[in-house]
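# Examining the three-dimensional arrangement
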Amino acid sequence: MYKQYEVLYKAFDLFNEHYFDNELSPCMITLQKKRENKLGDFTVEPIWFNEKQDEFYQININPINMNRKPEEILSSLLHEVIHYYCTLHKIKDCKQKVHTTAYKEVAENHGLHVEYDDNIGWSVTSLNDESIELVKDLIEEYKDDFVYMYIPKKEVKKTQFKFVCPQCQAKIYGKMET
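So, here's what we can say about the structure. Sequence order as written defines residue numbering, which begins from 1 separately in each chain. Under the rules for a predicted model, residues below a pLDDT of 70 receive no local features and side-chain atom pairs below 80 are neither given nor counted, while totals for whole chains, interfaces and linings still include all residues. To obtain the side-chain values, all non-hydrogen atoms of the structure were used and water was disregarded.

## Quick look at the overall build of the protein chain
Test applied: For the purposes of this entry, the term helix denotes a DSSP run of H or I that reaches at least four residues, the term strand denotes a run of E that reaches at least two, and both are numbered from the N terminus. Here, two residues are considered to be in contact whenever any of their heavy atoms come within 4.5 Å of each other.
Counting its secondary structure elements, the protein chain contains four helices and eleven strands. Residue pairs at least 24 apart in sequence account for 52% of intrachain contacts in the protein chain once pairs closer than 6 positions are excluded.

## Examining the sheet that holds strand 2 (residues 40–42)
Selection rule: The criterion for strand pairing is that DSSP finds at least two bridges linking the strands in question. Fitted lines through C-alpha atoms give the axes, limited to the stretch in contact for helices. The angle between two N-to-C directions lies from 0 to 180 degrees.
Spatial strand order, 1-5-2: three strands in an open sheet with mixed pairing. At either end of the open sheet lies a strand with only one pairing partner, and these are strand 1 (28–31) and strand 2. Across the sheet, the mean angle from the axis of one strand to that of its neighbour is 15 degrees, orientation sign disregarded.

## Things to note about a negative patch on the surface
The cut-off we apply is this: Patch rule: a residue counts if its relative accessible area is over 30% and it has no salt bridge; like charges are joined within 9 Å, and nonpolar side chains (Val, Leu, Ile, Met, Phe, Trp, Tyr) within 5 Å. Computed with a 1.4 Å probe, the accessible areas rest on the Shrake-Rupley method; for each residue, only the protein chains presented here act as cover. Each reported salt bridge corresponds to a side-chain nitrogen of Lys or Arg within 4 Å of a carboxyl oxygen of Asp or Glu. Residues scored as charged are limited to Lys and Arg (positive) and Asp and Glu (negative), so that His and the chain ends carry no count. In plain terms, the charge of a residue is placed at NZ if it is Lys, CZ if Arg, CG if Asp and CD if Glu.
Residues Asp13, Glu17, Asp21 and Glu23 make up a contiguous surface patch of negative charge. Here Asp21 is to be found in the loop between helix 1 (2–20) and strand 1.

## Concerning the packing of aromatic side chains
Definition in use: Each Phe, Tyr or Trp ring (for Trp, its six-membered ring) is paired with any other whose centre lies within 6.5 Å, and the angle between the two planes then decides the class: stacked below 30 degrees, edge-to-face above 60, tilted in between. When a residue's accessible area, from a 1.4 Å probe over protein chains only, is under 20% of the maximum for its type it is buried; when over 50% it is exposed; and in between it is partly exposed.
Tallied over the full model, the rule gives five aromatic pairs. With a centroid separation of 6.5 Å and 35 degrees between ring planes, the pair formed by Phe15 and Tyr19 is classed as tilted. Of the two residues, Phe15 and Tyr19 are both situated in helix 1; the distance of four residues between them amounts to about one turn of the helix. Take Phe15: its relative accessible area is 0%, and that puts it in the buried class. Between Tyr57 and Tyr84, the aromatic rings sit 5.1 Å apart at their centres with planes inclined by 45 degrees, giving tilted as the arrangement. With Tyr57 in the loop between strand 4 (55–56) and strand 5 (58–61) and Tyr84 in helix 2 (residues 70–88), the pair connects residues that are 27 residues apart, well separated along the chain. On the basis of relative accessibility, which here comes to 15%, the residue Tyr57 falls in the buried class.

## Quick word on unusual backbone geometry
Positive phi values are uncommon outside glycine, yet Gln96 reaches one of about 55 degrees. Here Gln96 lies in the loop between strand 6 (94–95) and strand 7 (98–99). Gln96 gets classed as exposed once you look at its relative accessible area, which sits at 75%. One non-glycine residue, Lys97, adopts positive backbone phi at about 65 degrees. Considering the arrangement of structural elements, one finds Lys97 in the loop between strand 6 and strand 7.

## Describing the side chain of Gln58
This is how the line gets drawn: Throughout this description, a polar contact denotes any pair of N or O atoms lying within 3.5 Å of each other; where both atoms belong to protein, one of them has to be capable of donating a hydrogen while the other can accept it, and for residues adjacent in sequence the pair is counted only when both atoms sit in side chains.
Mapped onto the elements of the fold, Gln58 is located in strand 5. A relative accessible area of 6% means that Gln58 is categorised as buried. A polar contact is formed between the side chain of Gln58 and the side chain of Thr30, at a distance of 3.4 Å.

## Regarding the environment of Glu71
Tracing the sequence through the fold places Glu71 in helix 2. Of the residues examined, Glu71 reaches a relative accessible area of 29% and is grouped as partly exposed. Along the sequence, Glu71 and Lys136 sit 65 residues apart, while their C-alpha atoms lie 8.9 Å from each other. Leave out the neighbours within four places in its chain, and Glu71 touches Leu127 and Ile139.

## Concerning helix 1
Note the cut-off: Under the convention used throughout, the expected extent of a helix is 1.5 Å for every residue step, that is, one less than its residue count.
In a regular helix each residue adds 1.5 Å, so 19 residues correspond to 27 Å; helix 1 covers 26 Å between its end C-alpha atoms and thus fits that length. For helix 1, the elements touching its buried residues are strand 1, strand 5, helix 2, strand 9 (121–127) and helix 4 (129–141). A positive phi of about 50 degrees marks Asp21, the residue just after helix 1.

## Re the state of the cysteines
This is how the line gets drawn: Pairs of cysteine sulfur atoms within 2.5 Å are what we label disulfides.
Counting across every chain of the model gives zero disulfides. Counting only cysteine sulfurs, Cys86 is the nearest neighbor of Cys94, a cysteine outside any disulfide, at a range of 8.3 Å. Not part of a disulfide, Cys168 finds its nearest cysteine sulfur in Cys165, a span of 3.6 Å.

Just geometry here; none of it tells us what the structure is for.
What follows is the structure in structure tokens.
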């Protein structure tokens, strides 16, 4: 799995150099399982420290969603890098978990195409043509390493059932006999 980290760090460096003039200090990139509908997240406070007490922010990419196209995975990474930039520049990019127009403006100026969603605001992002061209060689180099060892959830067989009396509406729980 180390190749997945390697490609994410290389992509971070490419984005940082191309869109942010290497302004962003290194951050910790993790692959941690979250809710299935969550593609990634960014910590708004540094949560990692080294022996010199240097502080590091964290960008997390949800490994459940690593079974997407490389461009989509890198779009999630750049999406979180934009949050990093906004945090450093004190740009109010989210309000009550809804992405603001300020996020949209920053993202569109830094390599993303942004669309609106009624529930999460200006949060539906994809790499623009310039970004796709920027990461084209990286995607080719790591084409076999993007996929996380994705294992779909096993279907859970229901063993407890609720029975309701049709006359008195009393509820009891138990196993269904076969």
